[in-house]
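Next come the chains, spelled out residue by residue.
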Amino acid sequence: MKTLSEPVRREALAYLELYPKKEAALLPILHLAQKDFGFIDDEAELAVAELMEISPVMVRAASRFYFMYHHQPIGEFHMQVCQNISCTIMGAETILDHLKNRLGIEAEQVTEDGKFSVERVECIACCDRGPAMLVNEKLHTNLTPEIIDQIIGELDPSRKIK
Amino acid sequence: MPEHILVTRNFQYPDQPELKIALSRGTYEQWKRILSEKISPEDIINEVKTAKLRGQGGAGFPAGVKWGFVPQDTPKPKYLCVNADEGEPGTFKDRALLEKDPHQLLEGIAITCFAVGIHTAYIYMRGEFYDPQRIVQKAIDDAKKEGLLGKDIQGSGFDLEVIIHMGAGAYICGEETALLNSLEGKKGWPRLKPPFPALVGAFGCPTVINNVETISGVPHIMNMGGEAFQKIGTENDGGTKLFGISGHVQKPGLYELPMGTPLKELVFDVAGGVRDGHELKAVIPGGSSTPILKPDELDIPLEFEAMMEAGTMLGSGAAIVLDETVSIPEVFMVMSRFYAHESCGQCTPCREGCTWIYKIARKIYEGNGVPADLDLILDLAPMLDGTTVCPLGAALAAPAIAIVEKFRDEFLGMMKN
Ligand SMILES: Cc1cc2nc3c(=O)[nH]c(=O)nc-3n(C[C@H](O)[C@H](O)[C@H](O)COP(=O)(O)O)c2cc1C
Ligand code: SF4
Ligand code: FES
């Protein structure tokens, strides 16, 4: 049975104070749980339900509805590549292909060493600077294959470029 | 700087998010004036009505009128939800407002809450907005320390808490009633209206929901007066709007222009026209939910009614410019994939219809389409309009019909027979 680490637990309980109904703290607390556990599986859902004293099925409904919650491990560096219209017409497909080649994985997969994962996402609201992607919490814009190589090189200097 | 530059006035200064600097440039002056001169909530609402400030989240409902719907005699608490879920493809204006001038938004929130009698405001921000969250949270903390938010603001007895609520990746939560459900920890399923949020909103209480840009305009109305604000724009659409332009133009970016500026001017003058050596093929004028326009259809003023009369919509003011290198079937495939992916699934016509349209679009894009597929789309699409809880289905239907009708030849050209 998973339990949240003590600091995260305290942070989570503070969220309950921000709303007139405790259920409203569910999304922020799921974000915290995901940071703590890496992803949200059945046990993580139960841990959240227990902490908030709400029904597990409510936690399940939210964790499965929202795309940002992952149900299996993702890479240490999670690369979310925008594939919507503005980025597509500026070459997002080429960027995605290059990224997949360099990392040797398909979209929605994780590299064997667990370092990188790639996900295709919808518009991330920086369309004038496409193609764009988020790597964890950092936004990268005006991407080119060279910039992709540079980003990978900085995140994992020992990596052999394929 | 041209006189009409309002909400982007301080975008050029990277230090604008710092409270001391923002104060030195006049931010919070209107908020302090309202409290010190004891300006009445009714006067503020009337000023915003006179200003003809329209909702900038896409639907264009007059903000002052909306505020007026909130009952004043209720014993229940009232809430403000600021819609910072920016997800309409092509749109990137709210991110800029949050990152570049968070105190302008907070001043707008404070004035709005004072006008409607609200003591708790939630900023519902899309989950991927990590930088905006950090910047706005710091701004809230600083403003509270300075006594501009929080308890007994400036000794007036007025309390206001501002809380950021992060979403978790679902475009539909930008729809106002889905946003309310999401705020309450539920799945982001839109609610049937009525009741409207002004009466039954967050936690069953009266709630105002406004877009980031709408609220950011409020301090400027109080600064210049509603009448002067309205005059910048057109008769029914007061003030300015942030237009985002992306794709194949010389100068993609964000531009603040008076309401009513011709779309043509935005594309050719402001953004410099299509990139060198290329020619214009089409413009999606206001985010991916708005019907596409051909080059000879751009002589329309950018205001809510005029755009509707022209068979499209102002939407979020996010123009996507396509040159001749773009494959329209690819754009259609990407566009319909988005709605199929983002349908919340509670209404059959939307859930099934968006998926079907996407499947057909993909089939055509992959080169396996037949001419009858185009008629199938034209038959299917109207079934998504008006049969559902929210307008997401319609947000694909109208653009799908327009793109198929206007680019039929290009679609047919991709087909074998
Ligand atoms: C599918 C859908 C998505 C929407 N997404 C957004 C959004 O991301 N941001 C926003 O402000 N409004 C969005 N809206 C509009 C809101 O429902 C609502 O009209 C708006 O927040 C009201 O604020 P305003 O009057 O200031 O524009 C969306 C509407 C629909 C139907
Ligand atoms: S129209 Fe689509 S997105 Fe809107 S409520 Fe129905 S299924 Fe959900
Ligand atoms: S389309 Fe890629 S950021 Fe908007």
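Quick caveat: nothing in here was measured; it's all calculated off a predicted structure.

On to the overall build of chain A. Helices and strands together make up the secondary structure of chain A, namely seven helices and four strands. The linear arrangement of helices and strands in chain A, starting from the amino end, is α-α-α-α-β-α-α-β-β-β-α. Expressed as lengths along the three principal axes of its C-alpha atoms, the size of chain A is roughly 50 × 35 × 25 Å. Residues classed as buried in chain A amount to 54% of the 162 residues present. Taking the intrachain contacts of chain A between residues at least 6 apart in sequence as the baseline, contacts between residues at least 24 apart amount to 62%. For chain A, the exposed area adds up to about 7,500 Å²; of that, 51% sits on carbon and sulfur atoms.

Residue and element names in this part refer to chain B. Domain assignment breaks chain B into domain 1 (19-232), domain 2 (243-323) and domain 3 (328-413). Counting residues at the interface gives 12 residues for domain 1, matched by eight residues for domain 3. Both faces considered, domain 1 and domain 3 share a buried interface measuring about 840 Å² in area, 72% of it formed by carbon and sulfur atoms. The tally of links from domain 1 across to domain 3 stands at zero salt bridges. Across the domain 1-domain 3 interface, the total number found is three residue pairs in polar contact (both at pLDDT 80 or more).

A few words on the site of ligand 1. Residue and element names in this part refer to chain B. Inspection of the region around ligand 1 gives 19 residues, with G57, N83, N210, N211 and T214 positioned closest. Between ligand 1 and N210 there is a distance of 2.8 Å, counted from an oxygen atom to a side-chain nitrogen or oxygen. Bound to the protein, ligand 1 loses 89% of the 610 Å² it would expose on its own. With three residues, strand β4 (residues 207-211) is the single largest residue contributor to the shell around ligand 1. Grouping the amino acids of the shell around ligand 1 by side-chain chemistry returns five nonpolar, nine polar and five charged.

Turning our attention to the sheet that holds strand β2 (residues 120-125) of chain B. Residue and element names in this part refer to chain B. Here four strands make up an open sheet; going across it, the order is β3-β2-β1-β4 and the pairing parallel. Among the strands making up the open sheet, the edge pair consists of β3 (161-166) and β4. On average, adjacent strands in this sheet sit at an angle of 20 degrees to one another, irrespective of strand direction. Of the pairings in the sheet, the one linking strand β1 (residues 79-84) to β2 comprises six bridges and is parallel in character. When the bridges of β2 are listed, V82 appears paired with I123.

Below, the discussion takes up the site of ligand 2. Surveying the vicinity of ligand 2 reveals the residues B:I172, B:P190, B:S343, B:C344, B:G345, B:Q346, B:C347, B:C350, B:T388, B:V389, B:C390 and B:L392. Grouping the amino acids of the shell around ligand 2 by side-chain chemistry returns eight nonpolar, four polar and no charged.

Glancing now at the interface of chain B and chain A. Across the contact, 57 residues belong to chain B and 37 residues belong to chain A. Both faces combined, the contact of chain B with chain A buries some 3,700 Å², and carbon together with sulfur accounts for 63% of it. Here chain B is connected to chain A by one salt bridge. Linking B:R134 and A:E137 is a salt bridge whose minimum nitrogen-to-oxygen distance equals 3.0 Å. Linking chain B with chain A are 16 residue pairs in polar contact (both at pLDDT 80 or more). Elements supplying a minimum of two residues to the side of chain B that touches chain A: β2, α7 (130-145), β3, α8 (176-183), β5 (240-247), β8 (318-323) and α13 (328-342) of chain B. Per element, the largest residue contribution to the side of chain B that touches chain A is eight residues, and it comes from α13(B). Of the residues assigned to the side of chain B that touches chain A, the class counts are 29 nonpolar, 16 polar and 12 charged.

Assignment of secondary structure puts B:K145 in helix α7. Separated by 261 residues in sequence, B:K145 and B:K406 have C-alpha atoms that sit 56 Å apart.

Residue and element names in this part refer to chain A. Within the span of helix α7 (residues 145-155), buried status applies to I148, I151 and I152. Around the axis of α7, the buried residues are gathered within 95 degrees of arc, so they sit on the same side. For α7, exposure combined with an orientation more than 90 degrees from the buried face picks out E146 and E154. On the buried face of α7, the contacting elements are β1 (77-82), α6 (92-103), β2 (116-121), β3 (133-135) and β4 (138-140).

Residues and elements named next belong to chain A. Taken together, four strands build an open sheet; the order of strands is β2-β1-β3-β4 and the sheet is mixed. Two strands close off the open sheet at either side, each with one partner strand: β2 and β4. Across this sheet, the average inter-strand angle for adjacent strands is 20 degrees, counted without regard to direction. Of the strand pairs in this sheet, β1 and β3 are connected by three bridges, and their pairing is antiparallel. Counted as the bridge partner of M79 is V135 from β3.

Rules behind the numbers
- Residues numbered from 1 in each chain as written.
- Chains lettered and ligands numbered in written order.
- Predicted model: local features only at pLDDT ≥ 70, side-chain atom pairs only at ≥ 80, totals over all residues.
- Heavy atoms only, no water.
- Helix = DSSP H or I, 4+ residues; strand = E, 2+ residues; numbered from the N terminus.
- Buried < 20%, exposed > 50% of the residue type's maximum accessible area, 1.4 Å probe, protein only.
- Contact = heavy atoms within 4.5 Å.
- Areas by Shrake-Rupley, 256 points an atom, 1.4 Å probe, with all protein chains shown as cover.
- Domains from an automatic or database assignment.
- Buried area = accessible area lost by both parts, 1.4 Å probe.
- Salt bridge = Lys/Arg side-chain N within 4 Å of Asp/Glu carboxyl O.
- Polar contact = N/O pair within 3.5 Å; in protein donor to acceptor, adjacent residues only side chain to side chain.
- Near = heavy atom within 4 Å.
- Nonpolar A, V, L, I, M, F, W, Y, C, P; charged D, E, K, R; others polar.
- Pairing = 2+ DSSP bridges.
- Axes fitted to C-alpha atoms, helices over the stretch in contact; angles between N-to-C directions.
- Arc of directions from axis to C-beta.

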